[in-house]
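# Geometric and topological summary
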Protein chains: 2
Amino acid sequence: MNFLKKDNISDAVIRRLPRYYRQLTDLCNQGIVRISSQSLGQEMGITASQIRQDFSCFGEFGQQGYGYHVEELRREIGQILGVDKDHHLIMIGVGNLGHALLQNFPFAQTGFTVDAAFDVAPNLIGTMINNVPVYAMADLAGFIREHKVDVVVLTVPQSVAQDMATSLIEMGIKGFWNFTNVELASEFPEVKFENIHFADSLLTLSYRVENP
Amino acid sequence: MNFLKKDNISDAVIRRLPRYYRQLTDLCNQGIVRISSQSLGQEMGITASQIRQDFSCFGEFGQQGYGYHVEELRREIGQILGVDKDHHLIMIGVGNLGHALLQNFPFAQTGFTVDAAFDVAPNLIGTMINNVPVYAMADLAGFIREHKVDVVVLTVPQSVAQDMATSLIEMGIKGFWNFTNVELASEFPEVKFENIHFADSLLTLSYRVENP
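So, a few notes on the structure that sits alongside this text. (Residues numbered from 1 in each chain as written. Chains lettered and ligands numbered in written order. Predicted model: local features only at pLDDT ≥ 70, side-chain atom pairs only at ≥ 80, totals over all residues. Heavy atoms only, no water.)

## Quick notes on the overall build of chain A
This is how the line gets drawn: Strands here mean DSSP runs of E at least two residues long; helices mean DSSP runs of H or I at least four residues long; both are numbered from the N terminus. By definition in these notes, contact holds between two residues if any of their heavy atoms fall within 4.5 Å. Per-residue and other accessible areas were derived by the Shrake-Rupley procedure at a 1.4 Å probe size, with only the shown protein chains allowed to occlude residues. Neither His nor the chain ends contribute to the count of charged residues, in which Lys and Arg are positive and Asp and Glu negative. Note on charges: their place is set at NZ of Lys, CZ of Arg, CG of Asp or CD of Glu.
Along its length, chain A carries eight helices and eleven strands. With respect to the three principal axes, the spread of C-alpha positions in chain A is 60 × 45 × 35 Å. When contacts within chain A are restricted to residue pairs at least 6 apart in sequence, those whose partners lie at least 24 apart make up 59%. As presented, chain A carries roughly 10,300 Å² of accessible surface, and 47% of it is formed by carbon and sulfur atoms. In chain A, the 16 positive side-chain charges and the 24 negative ones have mean positions that sit 8 Å from each other.

Take a look at the structure:
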């Protein structure tokens, strides 16, 4: 691998990386050893030249005439995404969505360890959900001071989302996985928000069902 | 409005439509009456020429020197997306994620009515969740025969996802909002799957946190 990351990699390229990673994981699981950019593109609905252009942002991958070694490329894209970085994460708000994520989402497969969850509900505080302890909100600031927290999963009600984010940024949090449907803002460019917009997805489906 | 939909509109354009709709809804709520493609682009991190190119797939919007009338453009994009179509939806699988969606997701704002939910759990069958009745799986085929169902929200366990989708397609379902993390497939091109890939989103955040 020739690791030469370009500056100013576009949002669209970055968003395709997890899709490549997912596709390559599937190919690995199917026992496929190598693949051409044509075949990879076909599986994903992307042109071969787009794939080569995307990868060229990060260095040199694959060999002319051979294509890509699936497992190697998967590992390299995983490294670019930080899957091997042992990221640490906490969740704030353990309602239905929080429960669903804690119980079903494979955090470890994406390189994240969930160290704690926080909620206001007395019946949740002190319990464990899928090996994750739930603490009181009063313990949040202390926890963040004493632990490495790379990302906060924000699954709180809309009404408190921005205030909560602002407090967390003051405590030094720089990554937010935001399920609140509120467009969070920060004056600090190093703070990153990744928003799950369920409505965008359903509206895309609405269009597709109407325009088959 | 000059409604002239082009054929073969790219996936990327279609996926930007809900983002335009969301942005325009925010602008409406802020009381903003008109906006230039430059300003709209700045708010969204898209170039003005990209916006004009996207809209040109669907006809003529806006006026040279005036820009776009926010409310009118919002209504027109809403129509393209089918927000005014009164789509009907049922949910299959009412676990934590199903509960979270039924209780918190604003289906009506995206033009969808949730008519029913289905589950295997005896303690859920016969209950109402946020005015949506939960029925037994045995009642599913009959319900679909007797009602218009445009979209199924699939929130079942991974192990049954593909079999469930295959049965539903045989019953005539053409739209799937798929939360199962299984890549569903169908031999019928008119069947549309919209997959929520939580992992893609978290990996994008992982990259951004590592590359600020």
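This is not the end of the story, as more comes after the structure.
## Concerning the packing of aromatic side chains
Inclusion rule: Centres within 6.5 Å are what make two rings of Phe, Tyr or Trp a pair, Trp counting through its six-membered ring; a difference in plane orientation under 30 degrees is then read as stacked, over 60 as edge-to-face, and the rest as tilted. Accessibility here uses a 1.4 Å probe with only protein chains present; expressed as a share of the type maximum, an area under 20% marks a residue as buried, one over 50% as exposed, and anything in between as partly exposed.
Applying the stated rule across the entire model yields 27 aromatic pairs over all chains. When the ring of A:Trp177 is compared with that of A:Phe179, the centres are 4.8 Å apart and the planes differ by 70°; the resulting orientation is edge-to-face. Seen from their ring centres, B:Phe107 and B:Trp177 are 6.3 Å apart, and the 85° between their planes marks the pair as edge-to-face. With B:Phe107 in the loop between helix H5 (96-104) and strand S6 (112-119) and B:Trp177 in strand S10 (residues 175-178), the pair connects residues that are 70 residues apart, well separated along the chain. We classify B:Phe107 as buried; its relative accessible area is 6%. Taken together, the ring pairs connect A:Phe105, A:Phe107, A:Trp177, A:Phe179, A:Phe198, B:Phe105, B:Phe107, B:Trp177, B:Phe179 and B:Phe198 into an aromatic cluster.

## A few points about the packing of helix H1 (residues 11-29) of chain B against helix H3 (residues 48-56) of chain B
Residues and elements named next belong to chain B. Selection criterion: Axis definition: a line fit to C-alpha positions, over the contact stretch in the case of helices; interaxial angles, taken between N-to-C directions, run 0 to 180 degrees. The labels follow the angle: roughly parallel below 35 degrees, roughly antiparallel above 145, roughly perpendicular from 65 to 115, and oblique for the rest. Each residue gets one of three labels, nonpolar for Ala, Val, Leu, Ile, Met, Phe, Trp, Tyr, Cys and Pro, charged for Asp, Glu, Lys and Arg, and polar for the others, Gly among them.
Packing of H1 against H3 brings their axes to within 11 Å, and their N-to-C directions diverge by 105°. By the criterion of interaxial angle, the relationship of H1 to H3 is roughly perpendicular. Contact residues: H1 offers Val13, Arg16 and Tyr20, while H3 offers Gln50, Ile51, Asp54 and Phe55. Class assignment for the residues of the contact of H1 with H3 results in four nonpolar, one polar and two charged.

## Side note on the sheet that holds strand S7 (residues 128-129) of chain A
Residue and element names in this part refer to chain A. Put simply, the rule is: Strands are treated as partners if at least two bridges between them are detected by DSSP.
Here we have seven strands laid out as an open sheet, ordered S7-S8-S6-S5-S9-S10-S11, and mixed in their pairing. Two strands in the sheet have a free side with no partner beyond their single neighbour: S7 and strand S11 (192-195). In terms of strand pairing, strand S9 (residues 151-154) meets strand S10 (residues 175-178) through three bridges, oriented parallel. Looking at S10, one finds that Val152 is bridged to Phe176. Lying on the sheet, helix H7 (residues 158-170) is in contact with strand S5 (87-92), S9, S10 and S11; it crosses S9 at an angle near 165°.

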